[in-house]
Amino acid sequence: MAAWDLAISVEDLGPDAPPVTLSVASDLHVGGVILKLVEKTQIKRDWSDHALWWEQKQQWLLRTSWTLEKYGIHADARLLFMPQHKPVRLCLPSGITLRLLACFSNPVFQTVMGICRMLNIRRPEELSLLRPIEHKKKKKAKDLDEEIYDLTEVPLSSASRPCLYNGMPAHFADSSQMEAIYKMLSVTQPPPAPEVIAKQYRPASVVDKAHIHGRWLDSSRCLMQQGIQENDQIWLRFKFFAFYDIEPKYDVVRLTQLYEQARWAILLEDIDCTEEEMMLFGALQYHISKVSQSEPQMMSSSAAMDDLESALQSLEVKMEGESSTASEMLETMTAPDLNDYLKIFRPKRLTLKGYKQYWFKFQDTSISYFKSKEESIGEPIQKINLKGCEVAPDVNMAAQKFLIRLLIPAPEGMNEVYLRCENEQQYAQWMAACRLGSKGKTLADSSFQSEIQSIRSFLAMQKSSSSSHGNVPASDESINTHSLVSPRYHKKYKPKQLTPRILDAYQNVAQLSLTDAVMRFLQIWQALPDFGLSYVVVRFKGSRKDEVLGIAPNRLIRIDLGVGDVVKTWRYNNMKQWNVNWDIRQVAIEFEGNVNIAFSCVTADCKIVHEFIGGYIFMSTRSREKSDTLNEELFHKLTGGHEAL
Amino acid sequence: MQSGAALRKDNNKTRINTFEKMDDIDAMFSDLLGEMDLLTQSLGQETVPPASPPSTNKEVNFSIGFTDQNESLNELEDTDLDALMADLVADLNATEEKLAAEIQASSTGSSVSTPASSATSPIPPPQSSKPTKEEIEAQMKADKIKLALEKLKEAKVKKLVVKFLLNDGSAKTLMVDERQTVREVLDNLFEKTHCDCNVDWSLCETNHELQLERTFEDHENLVEPLLAWTRDSENKILFQERREKNEVFKNPQNFYLWKKDKKALKDIKDKDKELLVQENFCGTSIIVPDLEAVLHLKEDGKKSWKQRLFQLRASGIYYVPKGKTKSSRDLVCFVQFDNLNVYYGKDFKSKYKAPTDFCFVLKHPQIQKESQYIKYLCCDDARTMNLWVTGIRIAKYGVSLYENFKTSEKKAAVSSVWTNRSTPSSSNPSTPSPTIKAKSPNQANGHAPTPQPGPISADFGNIPPPPPPMAEILPPPPPDPAFPPPPSLPSKGSPKPSLPQRKLPTNFPPPPPSMDNLPPPPPPPPIDDAPPDFLPPPPPTSGFGSLPPPPPPMSSLPLPPPPASFGRMDQSLPPPPPDPEFLPPPPPEPVFTGGGGGPPPPPPPPPPPAAGGGGGFPRPALRPVGSVKKMPPAPPKRTTPSLQGGGGDGDLMSELMLAMNKKRGAH
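Residues numbered from 1 in each chain as written. Chains lettered and ligands numbered in written order. Predicted model: local features only at pLDDT ≥ 70, side-chain atom pairs only at ≥ 80, totals over all residues. Heavy atoms only, no water.

Some words on the overall build of chain B
Consideration 1: The helix and strand inventory of chain B stands at 26 helices and 13 strands.
Consideration 2: Residues counted as buried form 54% of the 667 residues belonging to chain B.
Consideration 3: Within chain B, contacts between residues separated by at least 24 positions form 66% of all contacts whose residues are at least 6 apart in sequence.
Consideration 4: Working note: accessible area of chain B is about 29000 Å², and carbon and sulfur atoms make up 58% of it. (Helix = DSSP H or I, 4+ residues; strand = E, 2+ residues; numbered from the N terminus. Buried < 20%, exposed > 50% of the residue type's maximum accessible area, 1.4 Å probe, protein only. Contact = heavy atoms within 4.5 Å. Areas by Shrake-Rupley, 256 points an atom, 1.4 Å probe, with all protein chains shown as cover.)

Observations regarding the overall build of chain A
Consideration 1: A count of helical and extended segments in chain A gives 19 helices and 26 strands.
Consideration 2: Counting contacts in chain A only where the partners sit at least 6 residues apart, residues at least 24 apart contribute 61% of the total.
Consideration 3: Counting every atom, chain A has about 29300 Å² of accessible surface; 50% of that belongs to carbon and sulfur.

Considerations on the sheet that holds strand β23 (residues 566-571) of chain A
All names here are of chain A.
Consideration 1: On the basis of which strands lie adjacent, the open sheet formed by seven strands has the order β23-β22-β21-β20-β26-β25-β24 and antiparallel pairing. Edge positions in the sheet fall to β23 and β24 (575-581), since each has one partner strand and no second. Averaged over neighbouring strand pairs, the angle between their axes works out to 30 degrees when direction is ignored.
Consideration 2: Across five bridges, the pairing between strand β20 (residues 534-540) and strand β21 (residues 547-551) is antiparallel. In the strand pairing of β21, V536 is matched with L549.
Consideration 3: With respect to the sheet, helix α7 (residues 206-213) is in contact with β20 and β21, its orientation differing from that of β20 by roughly 100 degrees. (Pairing = 2+ DSSP bridges. Axes fitted to C-alpha atoms, helices over the stretch in contact; angles between N-to-C directions.)

A closer look at the nonpolar core
Consideration 1: One finds A:L98, A:L119 and A:W525 to be the most contacted residues of the largest nonpolar core, which totals 125 residues.
Consideration 2: By residue number, the principal contributor to this core is helix α18 (residues 606-621) of chain A, which donates nine residues.
Consideration 3: Discounting residues that sit within four places of it in the chain, A:L119 has contacts with A:L90, A:L92, A:L98, A:L100, A:L151, A:F172, A:Y182, A:L185, A:L236 and A:V253.
Consideration 4: Judged by nonpolar contacts, the second largest core, of 44 residues, contains B:F310, B:F337, B:C379 and B:Y397. (Core = buried A, V, L, I, M, F, W, Y, C linked by side-chain atoms within 4.5 Å.)

Brief notes about the pairing of strand β7 (residues 97-103) of chain A
A regular strand carries its side chains on alternate faces of the sheet.
Residues and elements named next belong to chain A.
Consideration 1: With respect to burial, β7 is a largely interior element, six of its seven residues being buried.
Consideration 2: Where strand β6 (residues 85-91) meets β7, seven bridges bridge the pair, whose relative direction is antiparallel. Across the sheet, V88 pairs through a bridge with L100, a residue of β7.
Consideration 3: Between the antiparallel neighbours β6 and β7 lie five residues, among them G95 with a positive phi of about 95 degrees.
Consideration 4: Relative to strand β9 (residues 148-150), β7 runs parallel, the two being bridged by three bridges. Note on β9: the bridge partner recorded for L98 is Y149.

What to know about the pairing of strand β15 (residues 366-370) of chain A
Residue and element names in this part refer to chain A.
Consideration 1: In terms of burial, β15 is a largely internal element, five of the five residues being buried.
Consideration 2: Side chains S366, S368 and F370 of β15 all project onto a buried face; the interleaved residues I367 and Y369 project onto the opposite face, where all are buried too.
Consideration 3: Where strand β14 (residues 356-363) and β15 come together, five bridges link them in antiparallel fashion. From the neighbouring strand, Q363 faces β15, where its bridge partner is S366.
Consideration 4: Two successive antiparallel strands, β14 and β15, enclose a turn made up of two residues, where D364 displays a positive phi of approximately 50 degrees.

Concerning the packing of aromatic side chains
Consideration 1: All told, the structure shown has 46 aromatic pairs over all chains when counted by the stated rule.
Consideration 2: Where A:F360 meets A:W430, the ring centres are 6.3 Å apart and the plane angle is 85 degrees; that geometry is what we call edge-to-face. Placement of the pair is A:F360 in strand β14 and A:W430 in helix α13 (residues 424-438), with a sequence separation of 70 residues.
Consideration 3: Directly above the ring of A:F612 sits A:K239, whose terminal nitrogen or CZ lies 5.0 Å from the centroid.
Consideration 4: The ring of B:Y319 is capped by B:R308, whose NZ or CZ atom sits 3.9 Å from the centre of that ring. (Phe/Tyr/Trp six-rings, centres within 6.5 Å; stacked < 30°, edge-to-face > 60°. Lys NZ or Arg CZ within 6 Å of the ring centre and 35° of its normal.)

Points about the pattern of salt bridges
All names here are of chain B.
Consideration 1: The tally for this structure, following the rule as stated, stands at 54 salt bridges over all chains.
Consideration 2: Ionic pairing is found between E213 and R242, a salt bridge with its closest N-O pair at 2.5 Å. Remark: R242 occurs in the loop between β6 (236-241) and α9 (247-250) and E213 occurs in strand β5 (residues 212-215); sequence separation between them is 29 residues.
Consideration 3: Its relative accessible area of 10% is what places E213 among the buried residues.
Consideration 4: Between K245 and D218 there is a salt bridge, with the nearest N and O atoms lying 2.7 Å from each other. (Salt bridge = Lys/Arg side-chain N within 4 Å of Asp/Glu carboxyl O.)

Focus on the confidence of the model for chain B
All names here are of chain B.
Consideration 1: With 42% of its residues at a pLDDT of 70 or more, chain B has an overall mean of 63.
Consideration 2: In this model residues 43-79 is a low-confidence stretch, pLDDT under 50, and it forms 52 contacts with partners more than four residues away in sequence or in other chains.
Consideration 3: Counting contacts from residues 419-650, a segment whose pLDDT is below 50, to residues more than four positions away or on other chains yields 377 contacts.
Consideration 4: As scored by the predictor, the complex reaches a pTM of 0.70 and an ipTM of 0.86. (pLDDT = per-residue confidence, 0-100.)

Let's talk about unusual backbone geometry
Consideration 1: The backbone of A:R585 shows a phi angle near 50 degrees, a positive value even though the residue is not glycine.
Consideration 2: Along the chain, A:R585 falls in the loop between β24 and β25 (586-591).
Consideration 3: For B:C197, which is not a glycine, the phi torsion comes out positive at approximately 60 degrees.
Consideration 4: Tracing the backbone through its elements, the reader meets B:C197 in the loop between α7 (182-193) and β4 (201-207).
Consideration 5: When its relative accessible area of 1% is taken as the criterion, B:C197 is described as buried.

In structure tokens:
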């Protein structure tokens, strides 16, 4: 067979180096070409990650046993010899950027699997990559001081699951820097400064949200084919909102990043919620940041509990905590007392009596009061059981007003009672006691002290936010409450107006452990009506106007853009088949009962829609029995489109 | 029963006496214990109704529904008194058993056989363990303190005599203590009434003055809401079947797909119902039905009803303020559910001039009289009202509702006889042990059921062996050979209480000789006492007593077909649960899995004839690969006839997998 010249550019020689020319025959296989090429460059190094990229066809020549003829390569082919793994700047859901080696030659699905393996995120099929939102040019200055964590040194492993060391993949245990990176991955970030939230891009409408979903990369094609270059920025995000088998013990990074994504979705109003829900989200964020600061080891140590024994131990402790142990019972019986002079006011109709001072005694879940300390041995003037009551703060630091407002249920209705405390210290104690009492707990409860602490820190927040105007960098004790809510509420409320509202919501979550708080946050997020919806602007067949298709884990919804209402819901389990006509880029779906819909996609490629639907069906096929291995083939069959055939 | 209990008390005493020469505190505690024992014993012997329980410090005995104590006593019929008596005794026994068990569990490493040994031998259990003498002593001391505290606590427990009104106008009276859940009380009532135990049985609270009615949730404690009643209240507790309690699990489509037209909802397949329950109750988060409706509201003590557009969310009820959009951020919070219960209103049209009689009410459970803090809502029709009340319950109680349902379903399937009396929370896997233990000594000691007053003996004596509960609720056991008889005592070898170990048949045949050198080896006890984590009650020990010892027919049943065992064992039982209520056997058999329990819904109409080949699941269509137009991927092949005969009940995954395998094979 006749020999001909083949010119190949070798990336490692630099961009300006001339291509290396080889004399090849058409029956030479790709492996042979590479061998020849490497010999000719006379560079001694590990070439194992390198492969040939055919520029005109936008295709990798990965089958080394195929001949040039079989690939259809002739002398005019522009071939590039380069590594398959290249560094990218990967932006995590937490907003932190990592620099790491990503595979440019495999389908994005596998690239994501590789990244997740490196970062110790289970269930990589739920995540994907998307192109970042283009920033305006003025952002340059910010890019410079952006901290980038470098993970490019991590060796590429093919093991399906990295071996763990101290609860983290072994490559993170190499050095203290690496360990710091793992900590960054697995510990939630502190609340962002309000200005940072305000500066971020916020989708203002469903259509804006739809545009974001047009940025997803195609899972069945490789990064190279999608125009991603070395050192480009790409986002790693949870794409399919069907979170399977979350196990806090193994999913430290996954949970943390999921929380971060949820938190930002709330802060940037990517998902709508009510004001009450926003306050609860704020309270949880506050709590999570506080707990993760005070016990930063908790999450990683719980991850370290790999061996069964320690897991069992913790279980035991938990069980013991739940059942009544002797010591606990002893405590209950010798519960501490809380006694002090307080002022009480009962707003009854037509009475203008002010606050009167009495000697107060807190016992079990009740408050009793007496004329004076000396008379406290006898019968109290009144005894109020706080169980089931509502407790609300009424505090003004500047005016030194420390009121506890109690709504006490009685057969006739709710009785309003105000308790006035003299100072912060007294207030924190009695407020904490009232809160415990309202939940039917006594002062012996272990949470009493922490409750006092949290009340004090909220008071401190109010103090700092009322004295300065939020320009003080958030110290660890006080957080600007604007950091916890979306910008809408920055305008609506001042920090000190916000503080009591968040504190109010906080009392229901203050006892949660870090993991529980994160889980609670995710649960409330998932319970929002719009949770899990990815939007695409579409044009239904036969319709003249744009409408929005919402794709959820279990259903498709059709939203009328004019009204903003959901006009129609189709559930996947009624779906009989779906087709994509790739020529006219139209998606057609048939549901049971002879319901047929067809639409073309406006803000996203129809491949993205196709992948969403197929992907969710794939997610629903995962089940416990089917072991942990990811059925990649099935995913591609369901989402691949015509390339998969 | 009683003799068993007495024996137990002796044990306690022995233990106490052994350590009389300790320091003061010990002596004090011992005294205390002795006293309490005396008290309890006297309780057990006297026939006088225990008007006041052995409370040392506090008068806690109320009687609900009667104006004074005497009246209540007079009204109780003799049998009821006996029943109460028996309950009380059983109660005390159970507590003691539990105590003993706890002590042993904490003092010895292996608690496997101790409960049995404590029943048969007077040796204090801790001596069977090996630690040093000091340790033992320390442990003893701790145990005693614990015991004493436990007793003190016990004395403080509030108990109520509650009258439950039945549909036929009669009433049952039970003693309920404050730790008991509604579920446990229901179980007790099942025993007393011999009803069919279906999942609809409920306890309802009626408020006479406010004309309200509420079905208690099974996980709630019963005593607490009753304590909120006023002294002169005419409130009642009803024991009735309430369909709406578990309706959301039987017909979830009516709640989660309420917007669809009625016909579509009626035609929904069982498989789809199951999926809905899965989606909304088995995920990481409980999903509350997305309700929105214009309701009439009467609040703040006003007389008039005004209309508002309300929305239900997991976080509360909201309304859309006038002139605003329905967007979440504009919603105004109407109520959150932390301190509120939801009640049905009765006859509000005449009482409050409500637009319709389909009203529900939100109020703090303590409020018993008219108050501005009560919120009255009125719906256009019954369906809307049920939607909202159920939706609010889901938002308030979350996954507990589903757990309650599953527990009651299990209960319905097992049978009405084998109930846990007086045990704390039968749903908690670790707690049923006390009852188990309370019962096993009976057998272990070979006590024939002595004639005793009250339902305890009735349960054990009159009713032949309860049907083996496991047979229905467990997957068929693996073939016998896997378990060579004697060494495979599950209690020892396998600390993990995995369900399959409950294979009754395999355990019976050989009276295990290797059994922990207990002198008299009655077959069942060690198994019973073993890991307390078994959910279902133990094998019917009482049943064995009356059966020829090793029941060969049972052991030879390879797969226990429930009906067979039923037919044999179940003679004078209340109607056995209908088959469809058995829990699903492991292989996906659509016929079984669908029947959630209770009155089965009308059978789904036959599926449309081969409409979709495989039926109701999204199957990417397969087009010939070589067609002119490029087509999407199509894993499942359409060429083969659908697996389950076009019924649309094929499982999506298996279908897909099968098709894919075929395809792979074809290549």
